[in-house]
Amino acid sequence: MNKFTNVSDIGDLRQAVAEALEIKRNRFAHTELGRNRTLLMIFFNSSLRTRLSTQKAAMNLGMNVMVLDVNQGAWKLETERGVVMDGDKAEHLLEAIPVMGSYCDIIGVRSFASLKDKAEDYSEKVLEQFIRYSGRPVFSMEAATGHPLQSFADLITIEEHKRTERPKVVLTWAPHPKALPQAVPNSFVEWMVAAGYDVTVTHPKGYELDERFTRGAKIDYDQNHALEGADFVYAKNWSAFADLDYGRILSTDRSWTIDSAKMKLTNDAFFMHCLPVRRNMIVTDEVIESPSSLVIPEAANREISAQTVIKRMLEAL
Ligand code: AN0
Ligand code: CP
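First things first, this report covers the structure right here in the doc. Because the structure is predicted, anything quoted here is derived from the model rather than measured.

With 13 residues, helix H1 (residues 13-25) ought to run about 18 Å at 1.5 Å a step, and its terminal C-alpha atoms sit 18 Å apart, in line with that. Of the residues making up H1, those classed as buried are Leu13, Ala16, Val17, Glu19, Ala20 and Ile23. Buried residues in H1, looked at end-on, bunch into an arc of 160 degrees, giving them a common side. Those residues of H1 that are exposed and aimed more than 90 degrees away from the buried face are Arg14, Gln15 and Arg25.

So this is what it looks like as structure tokens:
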């Protein structure tokens, strides 16, 4: 594998999950594979889980790891070609990327959507430039439109906990005080549909996601109805995708917060969220602390999804 930005890059999902579970059983079985190999992780945005789990995954494979926080200590980077660089940006991405590539074997990139320019966000400009100019295999650590390492970890978690072959998985929008990207919900739906689950997306009107990601899922504007019979409830906030409202908050309706009454509508569902989560906005204390909450095992599986991806990239070097 020399690129990991969406579900199609991982190939057969059953095989990928089987490999991930094998890695989970013995995460130190391949400590020679990454010997004298270097992973460079580049963060344009904050992170707790991705930073730690991906670094741990690489260390499990015997790699050396370097982490660069672009906004803390690096030169401010220009991303637009043709700009007269007389402002505060000291370096262009077009030099920075090949330079960074020269110091490592594999690159992970975190670069969120700006939520200002939809066309630019959905062209995955920053990630694509890394793929094009670094000369290295590149994987997404959440880019503008997707978070595939998260969705892979979510898939592993569901496979570990499902009680029926084809569970009903419900992605529900929930309120949040800040505008958030569509990356996590986009990837989640894409992966869950690809896994062959019964997938429903529920959100207030106006929060429709890009159809390229939701094809194969049911859309239901009635949250209570959507939750009926759910085996897994995945809550997440996102901002509007529609052209005129792109990146905007259209609702802060707290009746969409996942609480115990809503969980009672389900088929004794598990609760999931990628974290970080705002309690009592997205989900009540009671639900996130309940035995049905999978948020911690889900985060723990980030180490496993990352290790599977990095292992495949090392094998292809
Ligand atoms: C980010 C998001 O919604 O994309 C990262 C989630 C993994 N969340 C926040 O910025 C709170
Ligand atoms: N879920 C996730 O990617 O968390 P971080 O933003 O903390 O990395």
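Right, let's get into the nonpolar core. One finds Phe4, Ile10, Phe139, Trp191, Met192 and Ile310 to be the most contacted residues of the largest nonpolar core, which totals 51 residues. If one sorts the elements of this core by residue count, helix H12 (residues 295-315) sits on top with 6 residues. Ignoring any residue separated from it by four or fewer positions in sequence, one finds tryptophan 191 in contact with Phe4, Asn6, Val7, Ile10, Leu13, Pro148, Ser151, Phe152 and Leu155.

All residues in the neighbourhood of ligand 1 are listed as Phe112, Glu142, His147, Leu180, Pro181, Lys236, Cys274, Leu275 and Pro276. The separation between an oxygen atom of ligand 1 and a polar side-chain atom of glutamate 142 is 2.6 Å. Between ligand 1 and the protein, one listed contact pairs an oxygen atom with a side-chain N or O atom of lysine 236 at 2.7 Å. Against a free-state accessible area of 330 Å², the protein chains account for coverage of 83% of ligand 1. Among the residues forming the shell around ligand 1, the class breakdown is 6 nonpolar, 1 polar and 2 charged.

Calculation criteria
- Residues numbered from 1 in each chain as written.
- Chains lettered and ligands numbered in written order.
- Predicted model: local features only at pLDDT ≥ 70, side-chain atom pairs only at ≥ 80, totals over all residues.
- Heavy atoms only, no water.
- Helix = DSSP H or I, 4+ residues; strand = E, 2+ residues; numbered from the N terminus.
- Expected span 1.5 Å × (residues − 1).
- Buried < 20%, exposed > 50% of the residue type's maximum accessible area, 1.4 Å probe, protein only.
- Arc of directions from axis to C-beta.
- Core = buried A, V, L, I, M, F, W, Y, C linked by side-chain atoms within 4.5 Å.
- Contact = heavy atoms within 4.5 Å.
- Near = heavy atom within 4 Å.
- Polar contact = N/O pair within 3.5 Å; in protein donor to acceptor, adjacent residues only side chain to side chain.
- Areas by Shrake-Rupley, 256 points an atom, 1.4 Å probe, with all protein chains shown as cover.
- Nonpolar A, V, L, I, M, F, W, Y, C, P; charged D, E, K, R; others polar.

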